[in-house]
Structure formats: structure tokens, C-alpha cells
2 protein chains.
Amino acid sequence: MLTFGSSVEVRGKLVKSPHKGQGVELAAENIHVVGPCDVLAFPLKYKVHHSLEYLRELPHFRCRTNVLGALLRVRSEATAAIHSYFKENGYTHIHTPIITANDCEGAGEVFKVEPAKEEQKPKEEHHFFNIPAFLTVSGQLHLEVMSGAFTKVFTFGPTFRADNSQTRRHLAEFYMVEAELFFVDTLQDIMQVIEDLFKTVTDRVVSNCPQDAALFHKRIAPGHEAKLEKMLKNPFITMSYTEAIEILDRAGQEFTYKPAWGQDLQSEHEKHLVRHCGGIPVFVYNYPYDLKPFYMRDNEDGPRRTVAAVDLLVPEVGELFGGSLREDRVDYLQSRLRRLMLEDTYRWYVELRQFGSSPHGGFGMGFERYLQCILGVQNIKDVIPFPRFPHSCVL
Amino acid sequence: MLTFGSSVEVRGKLVKSPHKGQGVELAAENIHVVGPCDVLAFPLKYKVHHSLEYLRELPHFRCRTNVLGALLRVRSEATAAIHSYFKENGYTHIHTPIITANDCEGAGEVFKVEPAKEEQKPKEEHHFFNIPAFLTVSGQLHLEVMSGAFTKVFTFGPTFRADNSQTRRHLAEFYMVEAELFFVDTLQDIMQVIEDLFKTVTDRVVSNCPQDAALFHKRIAPGHEAKLEKMLKNPFITMSYTEAIEILDRAGQEFTYKPAWGQDLQSEHEKHLVRHCGGIPVFVYNYPYDLKPFYMRDNEDGPRRTVAAVDLLVPEVGELFGGSLREDRVDYLQSRLRRLMLEDTYRWYVELRQFGSSPHGGFGMGFERYLQCILGVQNIKDVIPFPRFPHSCVL
């Protein structure tokens, strides 16, 4: 009954191992098969290399393989390292709400939330919460509330997009690490925290999970160790959005989307910029005003020309962090909200600026993209325990 | 301009303080008002005692008060202490999914999730995920999957109930700490972890936030310090459900719901049992089979008589933890699922038992109730940054 996949209880003595690469081994005196496993029916096979695609079809068993086991241990370690980083640096952790009436990004690609049973709706009300309610796309606005009380705050929780596109970089449910800092008036302050967070957390993860990281750096993404080393050892590069467009113009490369000032950077553009920087992560800052949400601070370098926004681009995954200074001037914010006809919706947000405000800013990091970046994993579905995406919500 | 509520930047020297209760004070040389505050319009007033009810109407400002500030610092510290406890004890952290096709508790009080815009639904499909999808009520079943790979796992995330009842103990969105342990075959093992977790985390929170805890123990809930001391210093009490019913029968008290074997314990019953135990937390174990969900292990003390379930009852809040051994025997589980006509839905769950299984169990703790319990806060809406409940989803 002692087959591959069975669960066993072994009693014996821990002795010094004569084999290379392991300090000790268990000299078994008694082996008890606690849970047998029918190897013919079990979908995982001994010494067979199962592809990540095949494993995705087995959401209840894939965590028992070396690869997903290593991945989820790294994910757990990274989660702990992120919490520790913020705690050690004086941040207060905030559980920003999952269900919210706001659509922070204004993209409209949100999930709505309603009781499954009609009778759960309060009597004579159209909605359970009286107003339409959605799954959060970002905790930023709620963190801004809290930064006014605790100066430095962070959140680390699930966020959601009802985006029907299926790429190796998108999920309907994914995790974001977001931070907000009061009394901050330059983008440099934000970039410094981002770089320090990335390097400190990654150092800790790699040194706490050396074997699990090595499995990816050797087997799944050969050569990735050197790429990661380059990201960790070099100061990150900074360039303005305008410089980035100039670099793309001079690229002498045929892009599917022609780069032009005022247009979003496409994935192919991000890739070129990171290559241009020799694989070192690059901050691109000061984006066109019209590309960005209402809450970003006007740089006043022309009438509504650029805002104090910054993205960090990294090899393989492209945009990993996005941050900005927030518009803290009541008149600028109000006139922008008025043009967007959002004045009533965000009255509370304007009030934050009317009573004891300060220049402030923050950033968000996609946690799954972070794991893809440090481990070299191609598909985002392989770095989360139970991926949710269009057509799929298994278990 | 230096008014109550304004945000200021102060430069000066930190000097030894002549005043009692503070080691140092800042001898200001320069005070700059960064963000002024119109005290007449500002809804918080200097030296005025604002009630918790009034503060609930100000979700964007209440965090700036002493009470909510202290509360949220304790919440942040407790979050960190829980993550540390599990890490130090060898648990792997798992992000169990928020959107799921399962209804773990079978209560049906769930929120359904759909794209807000019709056009986000995949073409010719009725649902975005192809099947109806809901917000999670528990990560337990997903943790069971993971316990087979990592032996000890935990999750700490949001859970949801579309429960239309409004009490001081219920929210539509709240946080749960859940753990699952493989190779565990007695409820005693589960109870030991629960007691150790409660005491270790609470000790750490109280010693890391002494002033914040004192604010509650002196001002909000006078006398609570002694009650908490009693919970921390004494071994928790254990009694079977059957004994609990006998104690209630002998109570000589008029209950609104007459206690009877086979019936759920009501809030008034829980209160009596905790009083009976002198305010020491009490484990009640071995509940009637028919009261509990399909996944709990049959004790075989009669035909479908009791299951290996345990609840921890504490002063003020009642049920704080709930745990159980899981039914790991394929035949027992299958016949129970067959009777419930859930055999197809939970085929994957049965498969966990068919391939390399082990006796296992786990528990969940309501995080907001935990905060109510250690701080003595009456209303659950005051221990979460942005409460969501029927009729209310503000910000």
C-alpha cells in the first residue's frame, strides 16, 4: 500500500546523512500508510513531468506537486515579508472594504454584488445596501482616509476586475499591496519606498526559501536567477513619460501601436523600455493628464498637461507598480470632479482636503505579477492557489 | 490658523519632559500649518466626547479620534500578531478564493457576483464564470485541499453573509482567521491550538499597544481589564454539548428559548454557560449530527447522533471560534452527500479522501468578534474601518 501519492506516518531516528545536499535522513523503523492512494486512478504520476497547463485542470491536487508546492511556499513567505516590511517601517495595516459603492479607477469593469436570494433584500428596497454595490478595484481612496490619521498605512487584499480579456497577465480576482503616505510631496519619496520594498522583500523571500526559488530559477525559468540578480543589485532607472516616448520614437522598431505622446504605453512599448534599460526596472513618471484618473496631482507644467504619476516597469511582466501624488488642492480637485460630473459622489473625498489635509501619495503593486517577476513564471494562473477568470471558477 | 483638526509640521528639539507619564516632549522652534481646518465646519470638536454612534456617521473622519485611532492600531497589531503566530508555528499562508462556486455552510445566505455591465459577460454565456458565482462564506474547503500538501495551513481574509438581520454581532462583510491541520485525529488537538492562538496573540497585542488597550479597558469598557486577565490566566474549560444542555436545564432560569437536546444554543444560553464558568472561556464539543454541516466527522456514538464539532464561547460575544474534525472516511462522507443530493457538487471533495488522505481538522475565528472580546467593544460596527450591513455601504 506504500504507493506514490499515499499519506504516511513514519517513525524512526534522525541520523546524519551520507548523501550530498542533505544534512540528515530518517532511518525508518516503522512506516504506517495513513491514507492509501490508487496510483492508477490518481491523476498525478510518479516521476512524470506534468505541464503547468495540465496541472491547472487539477485545482485540488496540483498543490501536491513540487512546482506548485514551491510556488505556494514562496507566496506564503512573500506575504509574510510584505507584512513585516510595512510593520518594521511604521505603517498601520488597514482592511480596506471589499464591497464598495466607489469605482476608484473609473473604468467601469466591476462586479456587482447582490444577495443570491431575493428575500434577503431589505423590504421595499431595490438593493441590499440601499445603493448599488461593487467589488473593490482598489483600496486607495479608503487608504487616503486613513493616511490622515496614521500618516503611513497599507493594505494587502483581494481586488477584482470584470475584464473579459484573457491574457497571461490578467485575472478576475487578484491581490494588491497598496500603501499611502501623508506628508509626502515628491514622486521621488514614493519611488524610494517602492524600490526599497521590492528589494527588501525579494531578498528576504529568496534567502528564506532558497530551494523553492531555485526550483523556478533552474527548472521553470532557466537563467532567471541572473535576471533577478540584476534587478536587485542595480539602482532602478528613472525617466519621464516624455523621455520614454522619445526613446520609443528612436527605437527604429516596428510597433503594432505607434508610440505617440498622449497615448498609453502598450505592452510592446513597456518591453522595449525595459530592454533599453538592460533589464533593470525603470520608473516612468509624469504621465499625460488625460490618461489618468481624477485623483492624481496636476504638475502645472502646462494647462492640464501632466500629472505626478509613476509606473515601475520590470522584465517579463511590464507594469508592476503604479503610484502617484494625490491632488490635495481643493480647487483643482473640485474643478476636475465638476468636469467629470462626480462632484456629489466624491464630496467626502473633497472634505478630506478641507479639514487638516497635507500633500500625500501612494502606490499599488499587483502581488501575482510580483511573484511572476521574481520567479519567472509566464502565466499568472500558476501563481495563485485558485485562479478566477472568464469562463472559470473551479472549486 | 493653528486650530483643532489642522495638520501641522513642527520642528524643534526633543527634550526630557518634566511631566508625568511622558518621557520626552518636543520644544517647538517652528510650527507650520500644512493643512488648516475650519473648526466651525469640522464635525469633530475639541474636547467634546463624541459617541460611537455619532462617529459611525463620519466614516472618513472617525479614524482621527482617539477611540477609533486606538481601535485601528490594535486591529493592525492583532493582524500582525496572527500572521506571526502561524508563521512561527510552521503554517503556510493560503489566499483562499473570495469568489467561489461553493456554499460551504449550506445556509444559502450568500451574495452573488456578476459583471455590472451586461457586455462584460462572455458571449452566449449566461454567467461570466459560466456557472453562478458567490462571495465566500468560509475558506475551509479550500484549506482542506491545501492541508494535504502543507500539513498546517491558514488563511485570514474577508468573508460575507447576505444576512438581513441587524445585530451588534453581525456584518455583511467581516474577517475570518481559519486554520486546517492534517494528521490530527482528536478535537483536543484543535482546542489546544485555539487556546494557544487566543492567548499568545492577545498577550502580544496588549503588550505592544498598552496605551491603546488601556483606553478601552478604562474608558470604553471599565473593568474589562480584569475580565480579560481572567480569560488569559485560566485554562479554558471544556464541556460536551450534552453536559451544556444539562447545565441549562438545571439553571432555574426562564429562557426565551427552552434549552433542549438537538436544538442550537441561543445567545442567552451561551451567556449563561459563560457565566456558569465564571467568565472563563468554555469549549462546547460534540454537537448533534443534524445541527451541523456535512463535512463534520460522525462520532459514531449512535446512529447519526453527534459529530466532532467544537465552539469556543467567551464573555460578551458568545461564539468566538468554531472548529471540527472533518469526515475523512469516504463511505461516511459519500452517504451523507448522497442524502443531501450534493454528491456531484462535492465529487472533488470526496476525491481528497480517496488519494493520500489523513484524519484532519481545523477551526475559524471571527476577527471582529475577537477584537470586541479583548477590548470590550459592544457593537461590531466599531471594530472595522468601513462597516457593511443591510442598508449601508458608505464610501
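Our subject is the structure listed above.
In this report, the structure presented in the accompanying data block is examined. (Residues numbered from 1 in each chain as written. Chains lettered and ligands numbered in written order. Predicted model: local features only at pLDDT ≥ 70, side-chain atom pairs only at ≥ 80, totals over all residues. Heavy atoms only, no water.)

### What about the side chain of E268 of chain A?
All names here are of chain A. For the record, the criterion: Numbering of helices and strands runs from the N terminus, with a helix taken as a DSSP run of H or I at least four residues long and a strand as a DSSP run of E at least two residues long. Buried residues are those whose accessible area, probed at 1.4 Å on protein chains only, stays under 20% of the maximum for their type, while exposed residues exceed 50% and partly exposed ones sit between those limits. Under the counting rule used here, the positive set is Lys and Arg, the negative set is Asp and Glu, and His together with the chain ends is not counted. Here, a salt bridge means any Lys or Arg side-chain nitrogen found within 4 Å of an Asp or Glu carboxyl oxygen. Under the rule applied, a polar contact is a pair of N or O atoms within 3.5 Å (in protein, one hydrogen donor and one hydrogen acceptor; residues adjacent in sequence only if both atoms are side-chain atoms). In this analysis, two residues are considered to be in contact whenever any of their non-hydrogen atoms come within 4.5 Å of each other.
Structurally, the position occupied by E268 is in helix α8 (residues 267-276). Buried charge E268 goes without a salt bridge, the closest partner of opposite sign being R275 at 8.4 Å. A polar side-chain atom of E268 sits 2.8 Å from the main-chain amide nitrogen of T256. When residues no more than four places from it in sequence are discounted, the contact partners of E268 are F255, T256 and Y257.

### Re the packing of aromatic side chains
We count it as follows: Each aromatic pair joins two rings of Phe, Tyr and Trp (for Trp, the six-membered one) with centres within 6.5 Å, and gets the label stacked for planes under 30 degrees apart, edge-to-face for over 60, and tilted for any other angle.
Across all of its chains, the model carries 52 aromatic pairs over all chains by this definition. A centroid spacing of 5.5 Å and a plane angle of 80° characterise the contact between Y85 of chain A and F86 of chain A, whose relative ring orientation is edge-to-face. Given a relative accessible area of 0%, F86 of chain A falls into the buried group. Aromatic pair Y346 of chain B and W348 of chain B: ring centres 6.5 Å apart, planes at 45°, arrangement tilted.

### A closer look at the relation of the copies chain A and chain B
Turning one copy of the chain about an axis and sliding it along that axis gives the other copy, so a rotation and a shift relate them. Spelled out, the test is: Each copy is superposed on the other by least squares, with the fit set by C-alpha atoms of residues at a pLDDT of at least 70 in both.
Between chain A and chain B, the superposition needs a rotation of 180° and an axial shift of 0.0 Å, giving an RMSD of 0.0 Å. Overall, the copies show the geometry of a two-fold rotation axis. Closest to the rotation axis within chain A is the C-alpha of V113 of chain A, separated from it by 2.6 Å.

### Observations concerning the sheet that holds strand β3 (residues 92-93) of chain A
All names here are of chain A. What counts is decided by this rule: In this analysis, strands are considered paired if DSSP registers two or more bridges between them.
The strand order across the open sheet built from eight strands is β3-β7-β8-β13-β12-β11-β10-β9, with neighbouring strands paired in mixed fashion. Two strands close off the open sheet at either side, each with one partner strand: β3 and β9 (237-240). Bridge analysis of strand β10 (residues 282-288) against strand β11 (residues 306-314) gives six bridges, and the strand direction is antiparallel. Counted as the bridge partner of Y285 is V310 from β11.

### A closer look at the interface of chain A and chain B
For clarity, the cut-off: Buried area is a sum: the accessible area each of two parts loses on coming together, probed at 1.4 Å, counted once for each and added. Residues are grouped as follows: Ala, Val, Leu, Ile, Met, Phe, Trp, Tyr, Cys and Pro are nonpolar; Asp, Glu, Lys and Arg are charged; all remaining types, including Gly, are polar.
Contacts between the two partners involve 95 residues from chain A, matched on the other side by 95 residues from chain B. Interface area lost by chain A to chain B is led by H95, F355 and L395 of chain A, which between them contribute 10%. On the surface where chain A and chain B come into contact, there are two salt bridges. Its salt-bridge partner being E77 of chain A, residue K87 of chain B comes within 3.2 Å of it at the nearest N-O pair. At the surface where chain A touches chain B, the tally comes to 34 residue pairs in polar contact (both at pLDDT 80 or more). Here the element with the most residues in the side of chain A that touches chain B is helix α2 (residues 66-88) of chain A; it accounts for 10 residues. Broken down by class, the residue content of the side of chain A that touches chain B amounts to 52 nonpolar, 27 polar and 16 charged. With five bridges joining them, strand β5 (residues 111-115) of chain A and strand β5 (residues 111-115) of chain B adopt antiparallel strand pairing. Bridge pairing in β5 of chain B links P115 of chain A to F111 of chain B.

### Topic: empty space enclosed by the protein
Gaps between atoms show up when a probe of the same size as a water molecule is rolled over them. Here is the rule we go by: Of the two site types, the cavity is a set of points on a 1 Å grid over the protein atoms alone where a 1.4 Å probe fits but cannot get out, and the pocket is an open set with protein on both sides within 12 Å along at least five of seven lines, each lined by residues with an atom within 4 Å of a point. Grid points are joined across faces, edges and corners, and a volume is the space filled by probe spheres set on the points.
Within the structure shown, the criterion is met by 12 cavities of 30 Å³ or more. Roughly 330 Å³ of volume is contained in the largest cavity. Lining the largest cavity we find 38 residues, and of these F156, G157 and P158 of chain A together with F156 and P158 of chain B sit closest to its centre. At the level of secondary structure, the elements contributing two or more residues to the lining of the largest cavity comprise α2, β7 (152-160) and β8 (173-182) of chain A together with α2 (66-88), β7 (152-160) and β8 (173-182) of chain B.

### Overview of the pattern of salt bridges
All names here are of chain A. One pass over the structure, following the stated rule, counts 40 salt bridges over all chains. D212 serves as the salt-bridge partner of R73, at 2.9 Å between the closest nitrogen and oxygen. Highlighted residues: R73 in helix α2 and D212 in helix α5 (residues 210-220), separated in sequence by 139 residues. The class for R73 is partly exposed, based on a relative accessible area of 34%. Overall, D212 belongs to the buried group, its relative accessible area being 12%.

### Considerations on the environment of S138 of chain A
All names here are of chain A. With respect to the helices and strands, S138 occurs in the loop between β6 (134-135) and α3 (140-150). Accessibility expressed as a relative area gives 6% for S138, which makes it buried. In the structure, S138 is positioned 40 residues away from I98 in sequence and 8.9 Å away in space, judged by C-alpha atoms. Here the side chain of S138 touches Q140 through a polar contact of 3.0 Å, landing on its backbone nitrogen.

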